[in-house]
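Structural description and commentary
Here is what each chain is made of, one letter per residue.
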Amino acid sequence: MNLMHRIVFGITAALGLVNVSMAAPDTDWPKKPIQMILSFPAGGSTDVFARSIAAPLGDALGQAVVIDNKPGGGGMIGMTAAAKANPDGYTIHFSALTNQAIAQALFTNPPFSLQKDFVSVALVGSVPHVLEVNPSVPAKNMTELIAFIKSKNGNFNFASQGNGTLSHLESQLFMQRIGATGVHIPYKGSSFALPDLIAGNTLMMFDSITASLPHIQSGKLRPIAIASSERSPLMPNVPTFEQDGMKKFDVENLFAIYAPKGTSPAIVARLEREIRKILTNPDFKTKLANQGIHPQFANSEKLAEITVAEHEKWAKIVKASNIKID
């Protein structure tokens, strides 16, 4: 390299135009624990799913992946915290994608968006929801539940995982479909809602199979139907909505991992690679299936497409339903 070349190289490197020094930090990442932010409290399906992935991901990366629960606001509190984080690879967001697409459509001028403020890392799977009731409700199937609800003339409480969540929207859509009303009681996730449902303070709820299964198995809650295209192997006797007489009421409740916008492509690629290995491990898949979770991998590029599609889908549903935050 002659003198002029050395001078030009030195100037461009100093200005950040040569990428040698910029690439170096990615090669020894991670040097410290990674924070995984989620928008729901401990004990619910989002938390269970996130922790199931966080442990083996930490092992693969050589640093702990620490769960940080930030519930509330239809998922906006956790999303906001993750979006504002330094995009240095030490904060990632475990997203209840379907929930956050719904919240984006329901809330006026939400401060952050999965599409605009994050980089897609990987789709990780789905968790079906089940419509369940307190055992005091004299209904064992959809027909009996509809008759019971209508007999209450609006004088009955139903729970949800929070305003702007899938659980909330499912309830509202269900009430519209059967031409009934009730009093919506929003909580900050399943772990807060389930005790009141079990106590009879609320009578009905759409919740994940993961969070509700122990209470269903113990007889503290009664399942009516699954809001999915097929029955769950964990509850083979519980029909889908279509099988129980209500067509076009199946929802794919998706979960995915994102990083704050600006995170290095090398870090995103490493995360995607390790997550793929975890999700395709047969033992891991069996473990999650036993908790009502369906592992499903899609890479960063495909997740970006899925994210756009989910937001468009739920924006149309919310608009057509004319559902408002209460």
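Numbers given to residues run from 1 along each chain, matching the order in which its sequence is written. Thresholds applied to this predicted model are a pLDDT of at least 70 for local features of residues and 80 or more for the giving and counting of side-chain atom pairs; totals over whole chains, interfaces and linings are not thresholded and use all residues. Hydrogens and water are ignored here; the side-chain numbers use all heavy atoms of the structure.

Here we look at the packing of aromatic side chains
Test applied: The rule is short: rings of Phe, Tyr and Trp, with Trp giving its six-membered ring, pair when the centres are within 6.5 Å, and they are stacked under 30 degrees, edge-to-face over 60, tilted in between. Strands here are runs of E lasting at least two residues and helices are runs of H or I lasting at least four, both read from the DSSP assignment and numbered beginning at the N terminus. Only protein chains enter the accessibility calculation, which uses a 1.4 Å probe; a residue whose area is less than 20% of its type maximum is buried, one above 50% is exposed, and one in between is partly exposed.
Scanning the model with the defined rule gives 11 aromatic pairs in all. Geometrically, the ring pair formed by F206 and F241 is stacked, given 5.8 Å between the ring centres and 20 degrees between the ring planes. Separated by 35 residues along the polypeptide, F206 in strand 8 (residues 204-208) and F241 in the loop between strand 9 (222-226) and strand 10 (254-260) bring together distant segments of the chain. Like F206, the residue F241 is buried in the burial classification.

Quick word on the nonpolar core
To be explicit about the condition: Definition of nonpolar core: a set of buried residues of the types Ala, Val, Leu, Ile, Met, Phe, Trp, Tyr and Cys, connected through side-chain atoms within 4.5 Å. Only heavy atoms enter the contact rule, under which two residues are in contact if any of them lie within 4.5 Å.
In this structure, L145, I149, F174, M204 and F241 are the most contacted members of the largest nonpolar core, which totals 34 residues. For this core, the secondary-structure elements that each account for two or more residues are helix 5 (97-106), strand 5 (129-133), helix 7 (142-151), helix 8 (166-178), strand 8, strand 9 and helix 13 (300-321). Counting residues per element, this core draws most heavily on helix 8, which supplies six residues. Residues in contact with I149, not counting those within four places in the same chain, are F156, F174, M175, I178, A180 and M204. Core analysis: the next-biggest nonpolar cluster, separate from the first, contains 33 residues, M36, L57, A122 and V127 among them.

Regarding empty space enclosed by the protein
For the record, the criterion: Cavities and pockets are defined on a 1 Å grid built over the protein atoms alone: a cavity is a set of grid points where a 1.4 Å probe fits but cannot escape, while a pocket is an open set with protein on both sides within 12 Å along at least five of seven lines, and lining residues are those with an atom within 4 Å of any such point. Grid points are joined across faces, edges and corners, and a volume is the space filled by probe spheres set on the points. Throughout, the ten residues Ala, Val, Leu, Ile, Met, Phe, Trp, Tyr, Cys and Pro are labelled nonpolar, Asp, Glu, Lys and Arg are labelled charged, and all others, Gly among them, are labelled polar.
As enumerated under the stated definition, the model contains one cavity of 30 Å³ or more in all. In this structure, the largest cavity spans a volume of roughly 80 Å³. Lining the largest cavity are 13 residues, with F40, S45, T46, Q161 and S190 positioned closest to its centre. Of all elements in the fold, only helix 3 (45-61) and helix 9 (190-199) reach the threshold of two or more residues within the lining of the largest cavity. Split into classes, the residues belonging to the lining of the largest cavity amount to three nonpolar, 10 polar and no charged.

Points about the confidence of the model for the protein chain
Operational definition: pLDDT measures how confident the predictor is about each residue, on a scale from 0 to 100.
Confidence in the prediction of the protein chain, expressed as mean pLDDT, is 90, and 91% of residues score 70 or more. Counting contacts from residues 1-25, a segment whose pLDDT is below 50, to residues more than four positions away or on other chains yields six contacts.

Things to note about the sheet that holds strand 4 (residues 118-126)
This is how it is decided: Pairing between two strands is assigned when DSSP locates at least 2 bridges connecting them. Axis lines are fitted to C-alpha atoms, over the contacting stretch for helices. Their N-to-C directions set the angle, which ranges from 0 to 180 degrees.
On the basis of which strands lie adjacent, the open sheet formed by six strands has the order 2-1-3-10-4-11 and mixed pairing. In this open sheet, the two edge strands, each paired with only one partner strand, are strand 2 (65-69) and strand 11 (294-298). Taking the axes of each pair of neighbouring strands and ignoring which way they run, one obtains an average angle of 25 degrees across the sheet. This element, helix 3, spans strand 1 (34-38), strand 2, strand 3 (91-95), strand 4 and strand 10 of the sheet and lies at about 160 degrees to strand 2. The sheet contacts of helix 13 involve strand 4, strand 10 and strand 11, and relative to strand 4 the element is tilted by about 85 degrees.

Some remarks on the pairing of strand 8
Burial analysis of strand 8 places five of its five residues in the buried class, which makes it a mostly covered element. Here strand 8 shows a buried face lined by M204, F206 and S208 and a second buried face lined by M205 and D207. As judged from the five bridges shared by strand 5 and strand 8, these two strands associate in the antiparallel manner. Among the inter-strand pairings, V130 is bridged to a residue of strand 8, identified as D207.

Quick look at the sheet that holds strand 6 (residues 157-160)
Pairing in this open sheet of five strands is mixed, and the strands run 7-6-8-5-9 from one edge to the other. With one partner strand each, in any of the chains shown, strand 7 (183-186) and strand 9 form the two edges of the open sheet. For this sheet, the mean angle separating the axes of adjacent strands, direction not counted, is 30 degrees. Alignment of strand 6 against strand 7, held across four bridges, turns out to be parallel. Note that in strand 7 the partner of S160 across the bridge is P186. Relative to strand 9, helix 7 is tilted by about 110 degrees, and along the sheet it contacts strand 5, strand 8 and strand 9.

Structural notes on the pattern of salt bridges
Filter applied, for reference: When a carboxyl oxygen of Asp or Glu is within 4 Å of a side-chain nitrogen of Lys or Arg, the pair counts as a salt bridge.
Counted under the stated rule, the structure contains seven salt bridges. In this structure, D28 engages K31 in a salt bridge whose closest nitrogen and oxygen atoms are separated by 3.2 Å. Of the residues examined, K31 reaches a relative accessible area of 60% and is grouped as exposed. In this structure, K247 and E242 form a salt bridge, with 3.8 Å as the shortest nitrogen-oxygen distance. One network of salt bridges, with partners in common, ties together R270, E274 and K277.

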